[in-house]
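Fold and geometry: a report
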Amino acid sequence: MTIRRILRISGADTHDFLQGLVTNDVAKLKEAIVYAALLTPQGKYLADFFLVPDGDAVLLDVAETLGDTVVQRLSMYKLRADVAIAQTDLHLHRGLGDAPKDGFADPRAPALGWRAYRDAPQTDDTTDWDALRVQHMVPETGVELTPDTFILEVGFERLNGVDFRKGCYVGQEVTARMKHKTELRKGLAQVRVDGAAPVGTTLDADGKAAGVLLTQSGGKGIAYLRFDRASGAMTADGAKVFRVQATESDSN
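For the structure given in this document, a descriptive report is provided here.

**Describing the overall build of the protein**
Counting its regular elements, the protein contains 4 helices and 14 strands. In terms of overall size, the protein behaves like a compact globule, its C-alpha atoms giving a radius of gyration of 19 Å where 252 residues would be expected to give roughly 18 Å. For the C-alpha atoms alone, the extent of the protein along its principal axes is close to 55 × 45 × 30 Å. Partitioning the intrachain contacts of the protein with sequence separation of at least 6 by distance along the chain shows that 64% fall at a separation of at least 24. As displayed, the protein offers around 12200 Å² of accessible surface, 48% of which is attributable to carbon and sulfur atoms. Charge-centre separation for the protein: the mean point of 30 positive side chains lies 5 Å from the mean point of 35 negative side chains.

**Looking at the sheet that holds strand β2 (residues 34-39)**
Taking strand neighbours across the sheet as the criterion, the 5 strands line up as β2-β3-β4-β1-β5 in an open arrangement whose pairing is antiparallel. Of all the strands in the sheet, just β2 and β5 (84-87) have a single pairing partner and so form its edges. With direction set aside, neighbouring strand axes in the sheet form an average angle of 30°. The strands touched by helix α2 (residues 67-78) within the sheet are β1 (4-10), β2, β3 (45-54), β4 (57-63) and β5, with β1 carrying the most contacts at an inclination of about 20°.

**Some remarks on the sheet that holds strand β7 (residues 103-105)**
Strand-to-strand pairing in sheets goes through backbone hydrogen bonds, with the strands running parallel or antiparallel. Pairing is antiparallel in the open sheet, where 3 strands are placed in the order β6-β8-β7. At either end of the open sheet lies a strand with only one pairing partner, and these are β6 (91-95) and β7. Averaged over all pairs of adjacent strands, the angle between strand axes in this sheet comes to 25°, irrespective of strand direction. In the sheet, β7 pairs with strand β8 (residues 114-118) via 3 bridges, with the strands oriented antiparallel. What sits directly across from G103, in β8, is A116.

**A short note on the pairing of strand β10 (residues 201-205)**
Pairing analysis gives 5 bridges linking β10 to strand β11 (residues 208-217), with the strands arranged antiparallel. Bridging from a neighbouring strand, T201 pairs with L213 of β11. Counted along the chain from β10 to the antiparallel partner β11, the turn is 2 residues long, and its residue D206 has a positive phi close to 55°.

**Brief notes about α2**
In this model α2 runs 16 Å from its N-terminal to its C-terminal C-alpha over 12 residues, within 8% of the 16 Å that 1.5 Å per residue would give. If you check which residues of α2 are buried, you get G67, V70 and L74. Buried residues of α2, seen end-on, are gathered within an arc of 65° and therefore sit on one face of the element. Where α2 is buried, its residues touch β1, α1 (14-19), β2, β3, β4 and β5.

**A short note on the nonpolar core**
In this structure, F49, L51 and L60 are the most contacted members of the largest nonpolar core, which totals 56 residues. Contributing elements (two or more residues each) for this core: β1, α1, β2, β3, β4, α2, α3 (129-136) and α4 (172-181). Other than its neighbours up to four places away in sequence, F49 contacts R4, V22, V34, Y35, A36, A37, L38, L60, D61, V62 and V70. Of all hydrophobic cores here, the second largest spans 16 residues; its members include L203, A210, A223 and A230.

**What about the packing of aromatic side chains?**
Taken as a whole and assessed by the stated rule, the structure comprises 2 aromatic pairs. With a centroid separation of 5.1 Å and an interplanar angle of 35°, the aromatic rings of Y35 and F50 are classed as tilted. Taken together, the positions of Y35 in strand β2 and F50 in strand β3 put the pair 15 residues apart, joining distant regions of the chain. In textbook terms, an aromatic cluster arises when at least three aromatic residues are bridged by ring pairs, as seen for Y35, F50 and F156. Directly above the ring of Y35 sits R108, whose terminal nitrogen or CZ lies 5.6 Å from the centroid.

What counts, and at which threshold
- Residues numbered from 1 in each chain as written.
- Predicted model: local features only at pLDDT ≥ 70, side-chain atom pairs only at ≥ 80, totals over all residues.
- Heavy atoms only, no water.
- Helix = DSSP H or I, 4+ residues; strand = E, 2+ residues; numbered from the N terminus.
- Rg over C-alpha atoms; globule rule 2.2 N^0.38 Å.
- Contact = heavy atoms within 4.5 Å.
- Areas by Shrake-Rupley, 256 points an atom, 1.4 Å probe, with all protein chains shown as cover.
- Lys, Arg positive; Asp, Glu negative; His and termini not counted.
- Charge placed at Lys NZ, Arg CZ, Asp CG, Glu CD.
- Pairing = 2+ DSSP bridges.
- Axes fitted to C-alpha atoms, helices over the stretch in contact; angles between N-to-C directions.
- Expected span 1.5 Å × (residues − 1).
- Buried < 20%, exposed > 50% of the residue type's maximum accessible area, 1.4 Å probe, protein only.
- Arc of directions from axis to C-beta.
- Core = buried A, V, L, I, M, F, W, Y, C linked by side-chain atoms within 4.5 Å.
- Phe/Tyr/Trp six-rings, centres within 6.5 Å; stacked < 30°, edge-to-face > 60°.
- Lys NZ or Arg CZ within 6 Å of the ring centre and 35° of its normal.

What follows is the structure, encoded as structure tokens:
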């Protein structure tokens, strides 16, 4: 499991502050946890995370590798807002099925179960999360989600990570334009993999680069593809790769 950093954001301006920065509608915290991202002003991915209701405060659950980036970016925008950002000692717990009393359903997909935040580390998790991610086309921080990614190319709308009615946020204009005016030519797709290749291996289609092979499990994988070059067989470091499932990334 990816190591997570759990931050607590508090202060009278917390919700308004986050609403102007993240891709999703913070008002949804009244009912559930929220999956969202921070973008650059050019609309490119900086970090993805979960926002979790915590009384008058909000917990922010982010991959440890991006924890400093998120704190620095939030601090840069904070200015004179009544907002405090603090590290907690909480630990993420995950499981399948119905959420426990202290848990929340994962907003990205029902198959991903629940998330809870507790004082002690989890020691009983045996779930193959990569297999579930491949099956349900869920990108992972640092693997499918990397700097310069456009979030619509990696399925953020399908994963309930972006709201097109909430109003302005950093990177909103580019994201909205991609949604309404652009046919996406690149994006994630599920592939069948005959053989094996390292994560990040370039996919070759008739001598042309067709994308990159990413997470793999059980003979399937997630690939970032150029759709115009990925209609037939591809190779990746000796493995044969075939696209087997289209996603919303193919459409407007």
